[in-house]
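# Fold and geometry: a report
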Amino acid sequence: MAEAADLTQFREETRAWLEANCPPEMRQPVKSEEDVCWGGRNFKFQSDAQKRWLEVMAQRGWTTPDWPREVGGGGLTPAESKILKEEMRRIGARNPLNSFGISMLGPALLKYGTEEQKQRFLPPIVRGEIRWCQGYSEPGAGSDLAGLQTRAEDMGDHYLVNGQKVWTSYADQADWIFCLVRTSTESKHGGISFLLFDMESEGVSTKPILLISGYSPFCETFMDNVKVPKDQVVGEVNKGWDVAKYLLGHEREMISGMGLGGGTALLGKTLGEIDDPALRAEVAAFDVDALAFAAMSERFIDQLKAGEAHPAMPSMMKYAGTELNKKRHELIMAGGGSDTLEWESERTRKGKPAREWLRTKANSIEGGTSEVQLGIIAKHILRLPGA
Amino acid sequence: MTLLTDDQRQLHDMAKSFLAEEGTIKKQLRHWRDTGCKDGFGHGLWKQFAELGLTGIAIPEDNGGLGLGATEAALVLEEVGRNLTPSPFLTTAVAAARALEGTAQGNRWFPGILAGDTVAALAIDEGKHHRPGAVATTATRSGNGFTLSGAKQFVVHGASADVILVAARTGGSVGEREGVTLFAVERDANGLDIENVTLADHSKAARLTFNDVVVDADAVVGEVDNGWAPLSRALNAGRAGSAAELVGVAAGSADMTTDYLKQRKQFGKLIGEFQALQHRAAHLFSEIEIARAAAYKAAELLDAGSDRAELMVHVAKAKAGRAAALSVQEGVQMHGGIGMTDEHDIGFYMKRQAVLDRLFGDWRFHAGEVARLAGY
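Basis of the calculations
Residues numbered from 1 in each chain as written. Chains lettered and ligands numbered in written order. Predicted model: local features only at pLDDT ≥ 70, side-chain atom pairs only at ≥ 80, totals over all residues. Heavy atoms only, no water. Helix = DSSP H or I, 4+ residues; strand = E, 2+ residues; numbered from the N terminus. Rg over C-alpha atoms; globule rule 2.2 N^0.38 Å. Buried < 20%, exposed > 50% of the residue type's maximum accessible area, 1.4 Å probe, protein only. Contact = heavy atoms within 4.5 Å. Areas by Shrake-Rupley, 256 points an atom, 1.4 Å probe, with all protein chains shown as cover. Lys, Arg positive; Asp, Glu negative; His and termini not counted. Charge placed at Lys NZ, Arg CZ, Asp CG, Glu CD. Buried area = accessible area lost by both parts, 1.4 Å probe. Salt bridge = Lys/Arg side-chain N within 4 Å of Asp/Glu carboxyl O. Polar contact = N/O pair within 3.5 Å; in protein donor to acceptor, adjacent residues only side chain to side chain. Pairing = 2+ DSSP bridges. Core = buried A, V, L, I, M, F, W, Y, C linked by side-chain atoms within 4.5 Å.

### Let's talk about the overall build of chain A
- When its secondary structure is counted, chain A shows 11 helices and 8 strands.
- Radius of gyration (C-alpha) of chain A: 22 Å, near the 21 Å computed for a compact globule of 387 residues.
- Taken along the three principal axes of its C-alpha coordinates, chain A extends 65 × 50 × 45 Å.
- Here chain A holds 387 residues, and the buried ones make up 54% of them.
- Restricting to contacts in chain A with at least 6 residues of sequence separation, those with at least 24 account for 70%.
- A total of about 17900 Å² of accessible surface is found on chain A, and carbon and sulfur atoms cover 51% of it.
- Charged side chains of chain A number 47 positive and 55 negative; the gap between the two group centres comes to 1 Å.

Below you can see the structure in the form of structure tokens.
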């Protein structure tokens with residue numbers, strides 16, 4: 001299919017602009033966690049190039065290409081966004097900004113936020129000035145998220161929040177939190193509100209959780225008499241579950257991207273020589289699954305943008321993408337033999353393969369377990385009884 | 001974009017309603033099996049395909065066809081798969097038509113295919129596994145033409161075909177692509193023995209023996225020694241097409257199974273209420289969606305002439321083969337005892353899947369080709 005003339009022109013302009021503005025260092029593959037730009041009040045840029053790349057992209061609204069221009073976004077059509085992505089991939093350009101504000105909160109604010117909330121919170125997300133974290137799970141509310149107990153008491157001119165969240169990703173580095181709280185005990189799903197507040201508010205504290213990988217990407221977050229202004233509720237009071245579900249759809253979409261393994265390179269090409277025919281067969285079967293999933297991912301995004309995706313499809317993508325990512329790392333470990341078991345040596349860059357392999361085991365737990373996703377598919381897509 | 005155009009949606013809707021009405025298991029598959037039809041499909045239905053223009057789906061417009069691509073073929077084939085409709089559509093209108101396009105033999109056979117009078121078959125496999133590079137059948141120059149010797153098997157509709165496209169070796173050695181020549185051989189050629197074989201899904205394929213079959217020089221499709229070009233066109237179209245048909249088989253089987261989960265009661269409950277079955281059904285849904293995306297992507301890349309098309313065709317056939325295998329196995333298991341009976345239709349899906357998976361190479365073959373193309 002030939003590309004429409006205006007799109008071809010957009011592609012040429014985009015290519016020229018990226019050529020002129022993407023620093024050469026930002027065209028190198030990401031080597032470690034430090035290379036990832038998360039932005040925020042306390043973020044320390046690793047290089048001038050990293051800072052400049054964020055600035056030029058943000059100025060154009062291209063950190064959020066398909067958000068409206070009114071809030072600082074790029075205002076691109078789905079077809080244009082896709083071209084931008086393709087052109088960035090073509091030169092190996094890094095993502096200028098990783099952000100839960102972009103992938104999770106932003107879409108929810110665009111749908112449920114007041115005009116004032118959009119103007120206040122979205123432009124700093126686009127520019128990478130405020131780093132957000134998500135306060136959903138609690139010690140007693142994991143898969144059964146709606147059972148959450150963190151209370152927000154109506155004090156007339158503000159809410160008083162008390163409770164504990166868990167698995168708060170990067171809470172120790174985030175500036176603000178979007179948080180589910182109980183504003184009513186009359187109904188389980190109908191007593192939840194969606195609240196935003198500053199992590200520097202009095203009464204907020206965090207504690208990192210050490211995982212089996214030896215990393216601590218998650219925290220416990222404690223709220224002890226935290227005062228939150230009333231205009232920081234998103235959507236209606238007691239109707240936060242709708243906002244939460246909408247946001248979870250976007251979170252699942254983001255997590256499902258893991259199935260792409262960061263690119264379209266075939267696993268079998270990256271493992272070095274495979275002398276075991278059984279492993280070779282397994283890797284080939286994996287590469288079939290991975291390339292098929294990449295096709296699914298592209299189709300899903302197109303359907304989503306065209307409004308043709310079933311609302312429960314993010315669950316399918318999340319399920320398939322995370323299971324695939326776990327499998328990828330199982331095979332990387334198998335292909336690496338005993339080399340990849342080294343936990344601290346420089347040869348393995350301090351146990352990178354093993355630690356990443358262990359980290360992936362959370363993929364099918366965080367953002368709703370695989371079993372939760374399968375239940376959603378069974379109920380909402382297959383319409384099975386009693387699901 | 002991976003979304004369908006309005007024209008493609010219309011074609012899909014048309015194929016869907018046509019096959020759901022005329023191509024049903026009861027009217028076609030079961031009927032022709034129970035009446036012992038030697039072709040395994042109905043010529044009346046093939047005529048209807050022609051009246052709708054579908055026999056000319058891939059035939060160039062200059063030859064009077066619709067001149068459409070692999071994407072459109074996939075849309076029709078998904079519905080063929082869903083209804084298990086037996087017909088020569090895949091082999092004749094999709095695969096053989098691609099081999100014949102732009103050749104003198106095409107001009108000869110296209111009018112009959114367009115009219116729904118002609119059936120074309122592909123004779124590629126020589127052993128029990130699909131190894132298209134390993135052509136050992138020989139074609140030796142003699143007089144004004146060639147003499148063919150060798151044997152072929154799994155030639156779908158071989159005994160019903162008017163013309164059979166035969167890959168034979170005019171040069172090179174077994175395993176090489178160069179030196180393969182494609183011939184259009186008529187069914188009643190002297191020295192051609194045809195054994196009509198009924199397969200597990202009640203379709204017909206043939207074993208052919210070429211006992212010094214003499215053909216004219218103009219029987220060559222394309223160029224001598226360069227048969228890999230038309231052959232690979234047919235293989236890509238056949239593989240992408242059978243992947244789409246497998247997606248249809250998988251979806252048809254899964255839909256039938258999901259419906260059953262909503263009707264069958266045990267232990268005082270609908271069995272669809274049991275989480276063990278819900279999760280398996282949901283996993284199956286996911287696999288089928290992914291297989292469909294892969295099949296559409298392969299077709300899209302073929303239509304765009306992309307250099308990634310061949311890789312994606314292998315991916316699509318492998319993924320669809322596995323998704324369909326899962327679907328029919330879960331289908332029979334979740335139907336329980338009734339699923340083992342001939343009276344119920346679910347077993348037909350299992351049998352069709354087995355045949356379609358092997359046709360143009362099974363999923364293991366294609367996974368191996370992905371590894372080979374990727375260089376590991």
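### Focus: the interface of chain A and chain B
- At the interface, 40 residues of chain A touch 38 residues of chain B.
- Contact between chain A and chain B buries roughly 3500 Å² in total, counting both sides, with carbon and sulfur atoms accounting for 71%.
- Connecting chain A to chain B are 4 salt bridges.
- The shortest N-O distance in the salt bridge between Asp289 of chain A and Lys319 of chain B comes to 2.8 Å.
- At the boundary of chain A with chain B, the tally comes to 9 residue pairs in polar contact (both at pLDDT 80 or more).

### With respect to the pairing of strand E4 (residues 163–169) of chain B
All names here are of chain B.
- Counting buried positions along E4 gives 7 out of 7 residues, so the element sits mostly inside the fold.
- Here E4 shows two buried faces, one formed by Val163, Leu165, Ala167 and Arg169 and the other by Ile164, Val166 and Ala168.
- Pairing of strand E1 (residues 120–123) with E4 involves 4 bridges; the strand directions are parallel. Looking across to E4, one finds that Ala123 is bridged to Val166.

### Quick look at the nonpolar core
Residues and elements named next belong to chain B.
- Formed by 155 residues in total, the largest nonpolar core has its most connected members in Phe89, Leu148, Leu165, Phe183 and Val185.
- The greatest single-element share of this core, amounting to 16 residues, is contributed by helix H7 (residues 228–261).
- The residues contacting Phe89, other than those within four sequence positions of it, are Trp46, Phe49, Leu54, Ile57, Ala73, Val76, Leu77 and Val94.

### Details of the environment of Gly73 of chain A
All names here are of chain A.
- Relative to the elements of secondary structure, Gly73 occurs in the loop between helix H2 (48–59) and helix H3 (78–90).
- Since its relative accessible area comes to 3%, Gly73 is described here as buried.
- In sequence terms Gly73 and Trp62 are 11 residues apart; their C-alpha atoms lie 6.7 Å from each other.
- Non-local contacts of Gly73, meaning those with residues more than four positions away in its chain, are made with Arg60, Gly61, Thr64, Trp67, Pro68 and Val126.

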